[in-house]
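These are the residues of each chain, in order.
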Amino acid sequence: MFRGAFRQKRKRLYAALLACSIVFSTFFLGCLEDKKDALPANTEGLTLITLGVLQGNMAPFERHYSRGRVRHFGDPARVASVVNRLVEDAKKRGRHPIVVDLGDNLSGSAEALFTKGAITARVLADMPLQASLLGNLEFAHGQKALTEYFTKLKVPFIGSNIGAEKGGSLPFANQFVHLNAGKLKVTLAGLVPPNLKFVCLPGNVSGISVMEGINEPFKAAGKAKSKNGSNLLIMLTQESLGTHFAGFKEALKGSGIDILFGLDFDREGEIKIVEGARVMAFPGHNQGQRVRVTELDVHPKNGIVKVDSWFEIVDADVEKPNPKIQAYLEEARKKFKAALDKEIGKAEKYCNREFWTDGDTGNILTDALREKTGADLAVVNSGGVASALAPGPILLRDLYRVIPYQNSIAVLEVKGKDLIRFLNETLGRGSPLQVSNLFLRLNRIDGARGFRVVHALHKGSDISPSKTYKIVTNDFVLGRSPQLVPLKGIETGPLMRDVLIEYLKKHNPLPRPKRGRVVIEGE
């Protein structure tokens, strides 16, 4: 009996000691955590909210999953709700919100085309933006429209590497934006695509000069930071961080850039520290489906002491739309609804869109062009095919998403040697293609954006330098490809979109073509 009582007392003692050790450990670790999370005095908290690449999108996107599940993402009214919620949350926590946009917003849908980008510009004007990068899609409607949106709607366009050819600034963009965030000074810079004059219609970019490459613009941004006495320099760019990584690493040396925000068409990427800068990526085909949030704790002298970043999904099935923006989007939709809701055909399966390799919608378009013209092969720029097709009815509005640009077809005969040169030089500079009746095997050029052509096969055989090939492309590609020397004249035709409409009516329901026309080795 005595021994049993002693055993009970010992158990209670062990239990008490265990409880004390747990309490002590929790307290001790909590103190360590507090110490670890403690920030230097005078540190300011910034919340950087990044959006962009709306591509004129006016409605939620459908995503189709297994077992028939469908979800909806994006649309400007819901993007605005997410941004406003994030701004208010940051303010409540004593942080300074900064909202920036990576551009490519003003074109990409029927509504954007019909209104010359005005509907999307109005959306941007109603968001709390500090800077909106000028991408090539901003120039789709000309400089007059940009000037109106910049001066009247107060859309804060930014372009640090462009100016007037005759000297001076342009009337539709800030070169830099300087902000105060508590005790901090922040400079925002924007790298307009260096190949802007190559990818835009000549009339839309006439009189504009663009700095060559990225080294000089990065140095200029560093000088602007020093001149303003800023503690933080944020550079926005549309260049792909994945394919241009080596070039960015060199340009960042001694530039003074603290945050580099770019696109990544292959993957979203993690935060990387490169030459002292935090390098972060944004989805290249976002179209309003995500917003990136980056929380920075910055000391006036020590710079960035803590950083965290994540994506906010714009779930259209959950997020309520911004009522003001929703009202005028609905007004615009009603205006064009009858014409755009016309059914053109049906898709049997989901048809995806790819950029670097061949995608379903790119294959469908190039097959349509080749069938229309009887050409041996078809090649179009991947950027000219902008969206996927959901299974089920295909409406006219869907085709404006797939082909948002007014590109016409062009048919010509060329020698095989010129075709080979065109493929090598176009893909070598990193301009991907969608093709029909052509197989391309590529590998990436180390440290560069482009690709090396390993094999180019037509009907299973290498392209013969001496043979004549009838090819169909579009006016955009033809106007930027001096390698394509026509043996006779150039036959121009209808808009690519009209050819696709005709093809879909003929092939209804639309089967999904087999993929594998463009293959990148090792990927």
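These numbers come from a predicted model, not from an experiment. (Residues numbered from 1 in each chain as written. Predicted model: local features only at pLDDT ≥ 70, side-chain atom pairs only at ≥ 80, totals over all residues. Heavy atoms only, no water.)

A short note on the nonpolar core
Ranked by size, the top nonpolar core spans 44 residues in total, and within it Leu134, Phe139, Phe157, Phe172 and Val291 carry the most contacts. For this core, the element with the most residues is helix α2 (residues 76-92), which contributes seven residues. Excluding residues that lie within four positions of it along the chain, Val291 makes contacts with Ile49, Thr50, Leu51, Val79, Val82, Val83, Leu86, Phe282, Trp310, Phe311, Glu312 and Val314. In this structure, Phe336, Leu340, Ala375 and Tyr400 belong to the second largest nonpolar core, which totals 31 residues. (Core = buried A, V, L, I, M, F, W, Y, C linked by side-chain atoms within 4.5 Å. Buried < 20%, exposed > 50% of the residue type's maximum accessible area, 1.4 Å probe, protein only. Helix = DSSP H or I, 4+ residues; strand = E, 2+ residues; numbered from the N terminus. Contact = heavy atoms within 4.5 Å.)

Some thoughts on the pattern of salt bridges
Applying the stated criterion across every chain, the model contains 26 salt bridges. Here Glu343 and Lys346 are joined by a salt bridge, their closest N and O atoms 2.8 Å apart. Classification of Glu343 by relative accessible area gives partly exposed; the value is 40%. Note that Glu371 and Lys506 form a salt bridge whose closest N and O atoms lie 3.4 Å from each other. Placement of the pair is Glu371 in helix α10 (residues 360-373) and Lys506 in helix α14 (residues 496-506), with a sequence separation of 135 residues. Residue Lys506 is classed as exposed on the basis of its relative accessible area of 60%. Each of Asp89, Arg93, Arg95, Glu295 and Asp297 takes part in a single network of salt bridges with overlapping partners. (Salt bridge = Lys/Arg side-chain N within 4 Å of Asp/Glu carboxyl O.)

A short note on the sheet that holds strand β23 (residues 451-458)
The sheet built from four strands is open, its strands ordered β24-β23-β22-β27 with mixed pairing. The sheet is open, and its two borders are formed by β24 (461-462) and β27 (518-520), each paired with just one other strand. One ladder, built from six bridges, connects strand β22 (residues 439-444) with β23; its direction is antiparallel. The partner of Arg441 across the bridge, within β23, is His455. Each of β22 and β23 touches helix α12 (residues 416-428); the most contacted strand, β23, lies at about 145 degrees to it. (Pairing = 2+ DSSP bridges. Axes fitted to C-alpha atoms, helices over the stretch in contact; angles between N-to-C directions.)

What about the environment of Phe311?
With respect to the helices and strands, the residue Phe311 is situated in strand β16 (residues 303-313). Assessed through its relative accessible area of 22%, Phe311 is described here as partly exposed. C-alpha of Phe311 to C-alpha of Arg290: the two residues are 21 residues apart in sequence and 6.3 Å apart in space.

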